[in-house]
Amino acid sequence: MDALDLARWQFGITTVYHFLFVPLTISLAFVVAGFQAAWFRTGNDKYLKLTRFYGELFLITFAMGVVTGIVQEFQFGMNWSNYSRFVGDIFGAPLAIEGLLAFFLESTFLGLWIFGWDKLPKWVHLACIWIVAVGTLLSAYFILAANAWMQHPVGYAVNTTAGRAELKDFGAVLLNPTVLLAFPHVIGGAFMTGGAFVLGVAVWRLVRRSGADSAPFRSAAKVGATVLLVGGLFVVISGDQLGKHITTDQPMKLAAAENLRTTQTGAPFSVFTLWDLNGKEILSIQVPDVLSILATNDPNGQVEGIDNLQAAYQAEYGPGDYSPIVPVTFWSFRLMIGAGSLAALGAIWFLWRMRKGRVPGRGAVLISVLLPLLPLAANSFAWIFTEMGRQPWVVNEVMKTSDGVSPNVGAFEVGLTMILFTLLYGGLAVVEVGLLAKRIRAPLAAPAAPADSEHPVAFAY
């Protein structure tokens, strides 16, 4: 493979790995804040126990997300210098605000929350974790605004003399219709991830560590299942609107996702398609008219096909292949939907098994371990679909991916750093899983006195 292929592989591997922690961090911040708010309002010690228990798990994922995210910016300068020069004036603005505003907001108030249990009034301490939770949303929005500009560039002009894109309307970048639709979709997926994690851990504790912990973890399981299902509802609604936006904004991505070769009215939805090693279709199962309904709300609506779009792009942009790798786009889209749907069904199943005070059987342990992995897989496949479906463009219809790679970085340098990052991330994965497993197995901490009592609590991780 050449430097371009290796650079794409490296960015894909590190991005997917980093995004394993991002949705979990966002959702756990709100879950922990919710548990602490319940304790603040009711004084029930089970909510304090859950706050401390899931708070430690939140801190582990937060730290890992910070560490793995640093590599992302490093790669822009090393492997994608042409891209960085061309879009830095635009792409760097929301990322800078994310770092200077949102991330410092999170880290500052997270520090106050960690060390303020025995020093801050209860309501101030509670406000700290809610500010952290809001900060995670701000971080997500600014980062998604940067990515949305790659999908749907707005508010800029190309300076042909300088050979770069220049920011003309920052408001247009922040209010890009793509980010307005993608943000609730991504956040819904994040809450599915956090809900599945809270539910899975709670069920494992109910089955394997029953006894005094039953009451807190029964409540946690119900909260996790509810969060997962509500997040899933947001994903479905926002995904439908985002799909219609893609129909007009990135028609090639939609056509590749459905393996639609020619423009059709009453376009079918491909349930299952197989290709041979040469990319020739050998089997396809289709449902008539469904794609047109999903894309246009009209069973007779027209949906553009890959071959027709390829001819149009060649006429506008010159010779070349303007379609993404269809099997990757096709199956990542379906695996995204399938994994998310299975997670929602798992939540419903657990709610049914726990009705009227019942405890799931020991066979539920395996399902509780696998359940959090399903939304994580759905998030990963969603990003693979989003980024691979845009190819061959790194900035949609403005800059090709092949034009964004660093000209003076060879395959050896990229390959070496990819090996080093893989080894580093493998080590971090072992540390992450070990820390989470150790804390999940540990007994719940005893209730602690509030900060304004005669015996302040020393809360330490």
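Residues numbered from 1 in each chain as written. Predicted model: local features only at pLDDT ≥ 70, side-chain atom pairs only at ≥ 80, totals over all residues. Heavy atoms only, no water.

Caption draft 1: Seen up close, the overall build of the chain. Secondary structure summary: the chain contains 16 helices and eight strands in total. Computed over C-alpha atoms, the radius of gyration of the chain comes to 24 Å, within 12% of the 23 Å expected from 2.2 N^0.38 for 461 residues, which places it in the range of a compact globule. Projected onto its principal axes, the C-alpha positions of the chain cover 75 × 50 × 40 Å. When the 461 residues of the chain are sorted by exposure, 50% land in the buried category. Considering only intrachain contacts with a sequence separation of at least 6, the fraction spanning at least 24 residues in the chain is 78%. Accessible area of the chain: about 20,700 Å², with a carbon and sulfur share of 68%. Within the chain, the 30 negative side-chain charges are centred at a point lying 17 Å from the centre of the 30 positive side-chain charges. (Helix = DSSP H or I, 4+ residues; strand = E, 2+ residues; numbered from the N terminus. Rg over C-alpha atoms; globule rule 2.2 N^0.38 Å. Buried < 20%, exposed > 50% of the residue type's maximum accessible area, 1.4 Å probe, protein only. Contact = heavy atoms within 4.5 Å. Areas by Shrake-Rupley, 256 points an atom, 1.4 Å probe, with all protein chains shown as cover. Lys, Arg positive; Asp, Glu negative; His and termini not counted. Charge placed at Lys NZ, Arg CZ, Asp CG, Glu CD.)

Caption draft 2: Spatial organisation of helix H14 (residues 373–388). Look at H14: 22 Å from first C-alpha to last across 16 residues, which is about the 22 Å you get at 1.5 Å a residue. Listed in full, the buried residues belonging to H14 are Pro375, Leu376, Ala378, Asn379, Ser380, Ala382, Trp383, Phe385 and Glu387. If you follow the buried residues of H14, they end up packed against helix H1 (3–19), helix H2 (22–42), helix H5 (122–151), helix H7 (177–208), helix H9 (251–257) and helix H12 (326–353). (Expected span 1.5 Å × (residues − 1).)

Caption draft 3: Structural context of the confidence of the model for the chain. Model confidence for the chain is summarised by a mean pLDDT of 87, while 94% of its residues fall at 70 or above. Considering only residues more than four positions removed or in separate chains, one finds that residues 451–461, a stretch of pLDDT under 50, has 24 contacts. (pLDDT = per-residue confidence, 0-100.)

Caption draft 4: Main features of the pairing of strand E1 (residues 156–159). Bridge count between E1 and strand E2 (residues 164–167): four bridges; the pairing is antiparallel. Looking at the pairing, Tyr156 lines up with Leu167 of E2. (Pairing = 2+ DSSP bridges.)

Caption draft 5: Quick look at the nonpolar core. Core analysis: the largest hydrophobic core is formed by 56 residues, its most contacted members being Tyr54, Phe58, Leu199 and Phe217. Ranked by residue count, the leading element in this core is H7, at eleven residues. Apart from residues no more than four positions distant in its own chain, Phe217 is found in contact with Leu50, Phe53, Tyr54, Ala202, Arg205, Leu206 and Leu444. Counting residues in hydrophobic clusters, the runner-up holds 24 residues, among them Phe76, Trp80, Phe91 and Val405. (Core = buried A, V, L, I, M, F, W, Y, C linked by side-chain atoms within 4.5 Å.)

Caption draft 6: Representation of the environment of Leu181 within the structure. Counting through the fold element by element, Leu181 comes out in helix H7. For Leu181, a relative accessible area of 23% gives the class partly exposed. Residues Leu181 and Ser323, spaced 142 residues apart in sequence, show a C-alpha to C-alpha distance of 24 Å. Beyond its immediate chain neighbours, meaning those up to four positions away, Leu181 contacts Ser238, Gln241, Leu242 and His245.

Caption draft 7: Representation of the packing of aromatic side chains. Using the criterion set out here, one finds 29 aromatic pairs in the structure. Arranged with centres 5.5 Å apart and planes meeting at 70 degrees, the rings of Tyr17 and Phe21 form a pair that is edge-to-face. Of the two residues, Tyr17 and Phe21, both sit in the buried class. Taken together, the ring pairs connect Phe11, Phe76, Tyr83 and Phe91 into an aromatic cluster. Lys253 extends its terminal NZ or CZ atom over the ring of Phe385, reaching a point 5.8 Å from the ring centre. In this structure, Arg334 packs its charged tip against the face of Phe330, placed 3.7 Å from the ring centre. (Phe/Tyr/Trp six-rings, centres within 6.5 Å; stacked < 30°, edge-to-face > 60°. Lys NZ or Arg CZ within 6 Å of the ring centre and 35° of its normal.)

Caption draft 8: Geometry of the packing of helix H4 (residues 81–115) against H5. Running from N to C, H4 and H5 cross one another at 170 degrees; their axes reach a closest spacing of 7 Å. If you check the angle between H4 and H5, you find them roughly antiparallel. For the contact of H4 with H5, the residue count by class is 26 nonpolar, five polar and two charged. (Axes fitted to C-alpha atoms, helices over the stretch in contact; angles between N-to-C directions. Parallel < 35°, antiparallel > 145°, perpendicular 65-115°, else oblique. Nonpolar A, V, L, I, M, F, W, Y, C, P; charged D, E, K, R; others polar.)

Caption draft 9: Spotlight on unusual backbone geometry. Following Gln391, the chain continues to Pro392 via a peptide bond in cis, the omega torsion being 15 degrees. Structurally, Pro392 can be placed in the loop between H14 and strand E7 (393–395). Not every positive phi belongs to a glycine, and Asn259 is a case in point at roughly 55 degrees. Within the secondary structure, Asn259 is located in the loop between H9 and strand E3 (264–265). Phi is positive for Asn297, close to 65 degrees, though the residue is something other than glycine.

Caption draft 10: Spotlight on the environment of Gly338. With respect to the helices and strands, Gly338 occurs in helix H12. In sequence terms Gly338 and Leu24 are 314 residues apart; their C-alpha atoms lie 19 Å from each other.

Caption draft 11: Representation of the packing of H7 against helix H16 (residues 411–441) in the model. Relative to each other, H7 and H16 sit at 50 degrees, their axes nearing to 10 Å. Classified by the angle between their axes, H7 and H16 sit oblique to one another. Our pair here, H7 against H16, has a crossing hand that is right-handed. In this structure, H7 contributes Phe197, Val201, Trp204 and Arg205 to the contact, and H16 contributes Leu436, Arg439, Ile440 and Arg441. A class-by-class count of the residues in the contact of H7 with H16 yields five nonpolar, no polar and three charged. (Left-handed = near helix turned anticlockwise from the far one by under 90°.)

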